[in-house]
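# Topology and contacts: notes
Below, each chain spelled out in residue letters.
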Amino acid sequence: MTAIDKALGISPQVLALRAQRMNLLSSNIANADTAGYKARDIDFAAALRQAEQTQGRFERTHASHIALSGSVDQPDAMYRLPAEVSPDGNSVDPTMEHQAFMENALRYQASLQLLDSRIKGIKNAIKGDS
């Protein structure tokens, strides 16, 4: 693990997980009227624990390989247990999906701002600014 990886911490992995969840939630919203569509999501807490455990454990097997620090494996998308299934078999609750999407978007923005401030701190340290 490089010094920059240590300085950034888990922030890049959190950002990647938030983006992956955003894609799933937007897919659910887009398919709210699709017959038979089943809403999917990731267990964010479990995916984050997995990212924390694997952080910095990537090793290059050949000198010409590109380092993979900061990457996140694709977490398993699970089908959400619906409160109610529509007669056509669709399990998307548009209200719940919009709420989850907005919450995730706010958390994504906060994660992005935290990562940005860490990067600015590293740049300032390199330049010698206070």
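Located above this text is the structure these notes cover.
A short tour of the structure in this document, coming up. Everything quoted here is computed from the prediction, not taken from an experiment. (Residues numbered from 1 in each chain as written. Predicted model: local features only at pLDDT ≥ 70, side-chain atom pairs only at ≥ 80, totals over all residues. Heavy atoms only, no water.)

### Focus: the nonpolar core
In plain terms, the rule: Throughout, nonpolar core names a set of buried Ala, Val, Leu, Ile, Met, Phe, Trp, Tyr and Cys residues whose side chains join them through atoms within 4.5 Å. Burial here depends on accessible area, computed with a 1.4 Å probe over protein chains only, as a share of the maximum for the residue type. Under 20% is buried, over 50% is exposed, and the range in between is partly exposed. In this description, contact between two residues means that some pair of their heavy atoms is separated by no more than 4.5 Å.
Listed in full, the seven residues of the largest apolar core are Val14, Leu17, Leu24, Ile42, Phe44, Ala47 and Ala51. Dropping the residues within four chain positions of it, Leu24 is found in contact with Arg40, Asp41, Ile42 and Ala77.

### Looking at the packing of aromatic side chains
Each aromatic ring pair is described using two quantities: the centre-to-centre distance and the angle formed by the ring planes. Inclusion rule: Two aromatic rings from Phe, Tyr or Trp, using only the six-membered ring of Trp, form a pair when their centres are within 6.5 Å; if the ring planes differ by under 30 degrees the pair is stacked, by over 60 it is edge-to-face, and anything between is tilted. In this scheme, Lys NZ or Arg CZ marks a charge over a ring once it lies within 6 Å of the ring centre and within 35 degrees of the ring normal.
Here the structure, examined in full by the defined rule, presents zero aromatic pairs. For the cation-ring pair, Arg18 lies above Phe44, with the distance from its terminal atom to the ring centre recorded as 3.7 Å.

### A closer look at the packing of helix α2 (residues 11–30) against helix α3 (residues 44–54)
What counts, and what does not: The axes used here are C-alpha line fits, helices contributing only the stretch in contact, and every angle between their N-to-C directions lies in the interval 0 to 180 degrees. A run of DSSP states H or I qualifies as a helix once it reaches four residues; a run of E qualifies as a strand once it reaches two. Both are numbered from the N-terminal end. Two helices that cross are described as forming a left-handed crossing if the nearer one is turned anticlockwise from the farther one by less than a right angle, and a right-handed crossing if clockwise.
Between α2 and α3, the shortest axis-to-axis distance is 10 Å and the interhelical angle comes to 145 degrees. Crossing hand, α2 versus α3: right-handed. On the side of α2, the interface is formed by Gln13, Val14, Leu17 and Arg18, while α3 contributes Phe44, Ala47, Leu48 and Ala51.

### Re the pattern of salt bridges
Short version of the rule: Think of a salt bridge as a Lys or Arg side-chain nitrogen and an Asp or Glu carboxyl oxygen that are within 4 Å of each other.
A full pass over the atoms with the stated rule returns five salt bridges. Of the charged contacts in the structure, one is a salt bridge between Asp41 and Arg21, with a shortest N-O distance of 2.9 Å. Taken as a pair, Asp41 in strand β1 (residues 40–41) and Arg21 in helix α2 lie far apart in primary sequence, 20 residues in all. The salt bridge partner of Asp41 is Arg80, with a shortest N-O separation of 2.5 Å. With Asp41 in strand β1 and Arg80 in the loop between β2 (78–79) and α4 (94–127), this residue pair connects regions lying 39 residues apart in the sequence. The residues Asp41 and Arg80 share a single accessibility class, namely buried. Through salt bridges with shared partners, one network takes in Arg21, Asp41, Arg80 and Glu97.

### Side note on the packing of α2 against α4
How we decide: For classification, angles of less than 35 degrees are called roughly parallel, those exceeding 145 degrees roughly antiparallel, those between 65 and 115 degrees roughly perpendicular, and all remaining angles oblique. Residue type decides the class: Asp, Glu, Lys and Arg count as charged, Ala, Val, Leu, Ile, Met, Phe, Trp, Tyr, Cys and Pro as nonpolar, and the leftover types, Gly among them, as polar.
Taken N-terminus to C-terminus, the directions of α2 and α4 make an angle of 155 degrees; their axes are 9 Å apart at the nearest point. In terms of axis orientation, α2 runs roughly antiparallel to α4. Here α2 runs over α4; the crossing is left-handed. A per-class count over the contact of α2 with α4 returns 14 nonpolar, six polar and five charged.

These values are about where atoms sit, not about what they do.
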